[in-house]
Amino acid sequence: QVQLVESGGGLVQPGGSLRLSCAASGSIFSINAMGWYRQAPGKERELVAVITSGGSTNYADSVKGRFTISRDNAKNTVYLQMNSLKPEDTAVYYCNADVSVSVRVRAHYYWGQGTQVTVSS
């Protein structure tokens, strides 16, 4: 019922930038936190950045100062601006949203399909 659609991934050279977008749609009553995760080959999925409905943010140490998460609550969309990209940023990036579909139902985490980000010369 709830879908997250990601866009913006691709191939970029080291030092370059990409902007990821993820729009939530469907039976949405409210959205609390939204975030970005990534999973590199042979690695566990890890939190990259998260933003609350009020705009508070947290970042993984590895991306602090380089990545910026933001959201447009009216559009149910979260963004990840990635600057100064490094080869170690290469991963599949997934967006996540903590969504309530009803006032009576506890929020549930929904995931996007993932978008590949490759940082390579």
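Rules of the game
Residues numbered from 1 in each chain as written. Predicted model: local features only at pLDDT ≥ 70, side-chain atom pairs only at ≥ 80, totals over all residues. Heavy atoms only, no water. Core = buried A, V, L, I, M, F, W, Y, C linked by side-chain atoms within 4.5 Å. Buried < 20%, exposed > 50% of the residue type's maximum accessible area, 1.4 Å probe, protein only. Helix = DSSP H or I, 4+ residues; strand = E, 2+ residues; numbered from the N terminus. Contact = heavy atoms within 4.5 Å. Phe/Tyr/Trp six-rings, centres within 6.5 Å; stacked < 30°, edge-to-face > 60°. Lys NZ or Arg CZ within 6 Å of the ring centre and 35° of its normal. Disulfide = S-S within 2.5 Å. Pairing = 2+ DSSP bridges. Axes fitted to C-alpha atoms, helices over the stretch in contact; angles between N-to-C directions.

Side chains of nonpolar character tend, in soluble globular proteins, to be buried together. Residues Trp-36, Val-48, Phe-67, Val-78, Leu-80, Met-82 and Tyr-93 are the most contacted members of the largest nonpolar core, which totals 28 residues. Of all elements in the fold, only β1 (2–7), β3 (18–26), β4 (30–39), β5 (46–51), β7 (67–72), β8 (77–82), β9 (91–100) and β11 (115–119) reach the threshold of two or more residues within this core. Considering each element in turn, this core owes the most residues, five residues, to β9. Not counting the four nearest positions on each side in its chain, Phe-67 is found in contact with Arg-38, Val-48, Tyr-59, Leu-80, Gln-81, Met-82, Asn-83, Leu-85, Asp-89 and Tyr-93.

Per the stated rule, a full pass over the model turns up one aromatic pair. Of note, Arg-19 hangs over the ring of Tyr-79, and the distance from its end group to the ring centre comes to 4.1 Å.

Quick look at the state of the cysteines now. Evaluation of the coordinates by the stated rule reveals one disulfide. Linked covalently through their sulfurs, Cys-22 and Cys-95 form a disulfide whose S-S length is 1.9 Å. Disulfide Cys-22-Cys-95: torsion about the S-S bond near 45 degrees, hence right-handed. Highlighted residues: Cys-22 in strand β3 and Cys-95 in strand β9, separated in sequence by 73 residues.

The element β8 is extensively covered by neighbouring structure, given that five of its six residues are classed as buried. In this sheet, β8 lies alongside β7 in antiparallel orientation, the contact comprising six bridges. When the sheet's bridge partners are listed, Arg-71 is paired in β8 with Val-78. Following β7, the chain reverses through four residues before pairing antiparallel with β8; Asn-76 in that reversal takes a positive phi of roughly 50 degrees.

What follows is about the sheet that holds β1. Spatially, β1-β3-β8-β7 is the arrangement adopted by the four strands of the open sheet, whose pairing is antiparallel. Edge strands, defined here as strands with exactly one partner in the open sheet, are β1 and β7. The mean inter-strand angle of the sheet, taken between neighbouring strand axes irrespective of direction, is 15 degrees.

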